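# Observations on the three-dimensional arrangement
Below are the chains, spelled out letter by letter.
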Amino acid sequence: MTDPQTRCGTFVLAGRPNAGKSTLLNAIMGEKLAIVSPKPQSSRSPVVGIRTDGPVQLIFVDPPGLLEPHYLLQETMLAHALDWLQQADGIIYLHPADQGEPPPLASLVPAGTTFGGPVLTVMTKGDLLPAHRRGGGSNGMAPDANRPHSDRPTSPVVSAVQALGLETLLAWCRAHAPMAPFRAAADDMSNQPLRFFVTEFVREAAFEILSEELPYAVAAEVEEFRESRDPVYIRVSLYVERESQKGMVIGSGGRTIRALGTRARHHIEMLMDRAVYLDLWVKVLPKWRTSPDALRQLGFPIPVRRHR
């Protein structure tokens, strides 16, 4: 029987690449769900985190950053982000606190984009600010640094690494969550399958270990997942676009691919709380970032507007 007193809302984390969305999602959840990299555009698909506190369930979505697409993969990334902006009960617009006043969110999206709910502008990476600009106490509120005497409302300043301002952010979300039944069990942390997080952690390892532009040419797909085995057996194919890239990912004597596996396996085991045997294979899928067929194979829906 549905409890009429429960609240449940979906809140999308929006902003440019490297605005701190993934780090903030992990801090909110208290668990590593989203991959984090200093390199921009590492997120390709939305990551969902579910937080239930008593009668309130908050569903946070971390989509790819808002960007100007230059090829088909980036078009799918932008389409994901725009879809969530239109669906969400609330939008948390993130802008690094050390980069001055944020531009209007509407200026980062195509003309005519509609927002599904109210927008809260949040200044991220507050730990990079001097202490006197981080706001008072733990509430994370700070005056606009560029217009300190203006009457414009202040924005929360958060620091995921210092847990600054998180309660202010969560209070806003709770207040804007509509009265509705829960959409997931109270102890669920996500509605996405383990296979999704496996591919994400493998890609994160690629961004950590591989240099320059190579990580952007790497895609991952789970080919086999045997939870009945101990350790759990997971076989993942890593796709690159050229034969020369395959050799670079494998490395001399397999050194690089082993390092990738070790790094990714650590995070997978932490999430599953089980020992894992991660079997990585490298394959060539020519020009997969620009090929509709290859992108569909890897689970990326092709934006409809491309075919208009």
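As a starting point, this report considers the structure included with it. Remember, predicted model here, so these are calculated numbers, not experimental data.

## Observations concerning the nonpolar core
- Counting 53 residues, the largest nonpolar core has Ile-92, Ile-234, Leu-238 and Val-249 as the members making the most contacts within it.
- Sequence-distant contacts of Ile-234, that is, excluding residues within four places in its chain, are made with Val-198, Val-222, Glu-224, Phe-225, Ile-268, Met-272, Val-276, Tyr-277, Leu-278 and Asp-279.
- Counting 20 residues, the second largest nonpolar core, distinct from the first, contains Ile-50, Leu-108, Ala-180 and Ala-184.

## Brief notes about the packing of helix α5 (residues 243–250) against helix α6 (residues 255–272)
- With their axes 5 Å apart at the nearest point, α5 and α6 run at an angle of 65° to one another. Of the residues in α6, those touching α5 at Met-248, Val-249 and Ile-250 are Arg-255, Thr-256, Ile-257 and Leu-260.
- Here the contact of α5 with α6 is composed, by residue class, of five nonpolar, one polar and one charged.

## Things to note about the pattern of salt bridges
- On inspection of all chains with the given rule, the structure shows 14 salt bridges.
- A salt bridge links Glu-204 to Lys-32, with the nearest nitrogen and oxygen atoms 2.7 Å apart. Taken together, the positions of Glu-204 in helix α4 (residues 194–209) and Lys-32 in the loop between α1 (21–29) and β2 (47–53) put the pair 172 residues apart, joining distant regions of the chain.
- Relative accessible area serves as the criterion here: at 2%, Glu-204 is assigned to the buried category.

## Topic: the sheet that holds strand β4 (residues 90–96)
- Strand order in the open sheet formed by five strands is β2-β3-β1-β4-β5, and the pairing between neighbours is mixed. At either end of the open sheet lies a strand with only one pairing partner, and these are β2 and β5 (119–124). Neighbouring strand axes in the sheet, compared pairwise and without regard to direction, differ in orientation by 25° on average.
- In this structure, β4 lies alongside β5, joined through six bridges in parallel fashion. Looking at the pairing, Pro-96 lines up with Thr-124 of β5.
- The strands that helix α2 (residues 72–87) touches are β1 (7–14), β3 (56–62) and β4; relative to β1, the one it contacts most, it runs at about 140°.

The rules behind each value
Residues numbered from 1 in each chain as written. Predicted model: local features only at pLDDT ≥ 70, side-chain atom pairs only at ≥ 80, totals over all residues. Heavy atoms only, no water. Core = buried A, V, L, I, M, F, W, Y, C linked by side-chain atoms within 4.5 Å. Buried < 20%, exposed > 50% of the residue type's maximum accessible area, 1.4 Å probe, protein only. Contact = heavy atoms within 4.5 Å. Axes fitted to C-alpha atoms, helices over the stretch in contact; angles between N-to-C directions. Helix = DSSP H or I, 4+ residues; strand = E, 2+ residues; numbered from the N terminus. Nonpolar A, V, L, I, M, F, W, Y, C, P; charged D, E, K, R; others polar. Salt bridge = Lys/Arg side-chain N within 4 Å of Asp/Glu carboxyl O. Pairing = 2+ DSSP bridges.

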